[in-house]
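Notes for the structure review
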Amino acid sequence: MIIPVRCFSCGRVIASDYIKFVEESKRIRNETGHEPTGAEKSEILDNLGIERYCCRRMILSNADLIDEIISY
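Below you will find a few notes about this structure. (Residues numbered from 1 in each chain as written. Predicted model: local features only at pLDDT ≥ 70, side-chain atom pairs only at ≥ 80, totals over all residues. Heavy atoms only, no water.)

Side note on the nonpolar core
- Residues C7, I14, C55 and I59 are the most contacted members of the largest nonpolar core, which totals 14 residues.
- Within the residue set of this core, elements represented by two or more residues are α1 (15–32), α2 (38–48) and α3 (53–60). (Core = buried A, V, L, I, M, F, W, Y, C linked by side-chain atoms within 4.5 Å. Buried < 20%, exposed > 50% of the residue type's maximum accessible area, 1.4 Å probe, protein only. Helix = DSSP H or I, 4+ residues; strand = E, 2+ residues; numbered from the N terminus.)

Right, dumping it as structure tokens:
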């Protein structure tokens, strides 16, 4: 749905990092023509300074469904 503002486990603000993660993933998708691999996603998260696995989980497991739900 919508990315939470803070990590549920540790309380770190992750919403702004999620936007940067999505932008970087789109850039990789446009340049290479394929979805980012696990190593590429890990590198993006490392570059953003997201070290805790709970915050990584929040970003990686988010399903962006707001465009589908907003019509209801």
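Back to the write-up after that little detour.
Here we look at the packing of α1 against α2
- The N-to-C vectors of α1 and α2 enclose an angle of 140°; their axes lie 10 Å apart at closest approach. Overall, the two elements α1 and α2 adopt an arrangement that is oblique. You can see that α1 and α2 cross each other, and the crossing is right-handed. Along the contact surface, α1 presents D17, K20, F21, E24, S25 and I28, while α2 presents E40, K41, I44, L45 and L48. (Axes fitted to C-alpha atoms, helices over the stretch in contact; angles between N-to-C directions. Parallel < 35°, antiparallel > 145°, perpendicular 65-115°, else oblique. Left-handed = near helix turned anticlockwise from the far one by under 90°. Contact = heavy atoms within 4.5 Å.)

Structural notes on the pattern of salt bridges
- Overall, the coordinates contain five salt bridges when judged by the stated rule.
- Residue E31 is joined to R27 by a salt bridge in which the shortest nitrogen-to-oxygen separation is 2.8 Å. Of this pair, E31 and R27 both sit in helix α1, separated by four residues, roughly a single helical turn.
- E31 sits in the exposed class, given a relative accessible area of 57%.
- Between R29 and E35 there is a salt bridge, with its nearest N and O atoms 2.9 Å apart.
- A network of salt bridges, in which partner residues are shared, links E24, R27 and E31. (Salt bridge = Lys/Arg side-chain N within 4 Å of Asp/Glu carboxyl O.)

What about the environment of C10?
- On the secondary structure map, C10 appears in the segment before α1.
- For C10, a relative accessible area of 34% translates into the label partly exposed.
- The spacing of C10 and T37 is 27 residues in sequence and 26 Å in space, taken between C-alpha atoms.
- Those residues within four positions of C10 in sequence are excluded, and the remaining contacts are R52, C54 and C55.

Description of the side chain of S25
- By secondary structure assignment, the location of S25 is in helix α1.
- Relative accessible area serves as the criterion here: at 7%, S25 is assigned to the buried category.
- Excluding residues within four positions of it along the chain, S25 makes contact with P36 and I44.

What is shown is where atoms sit, not what they do.
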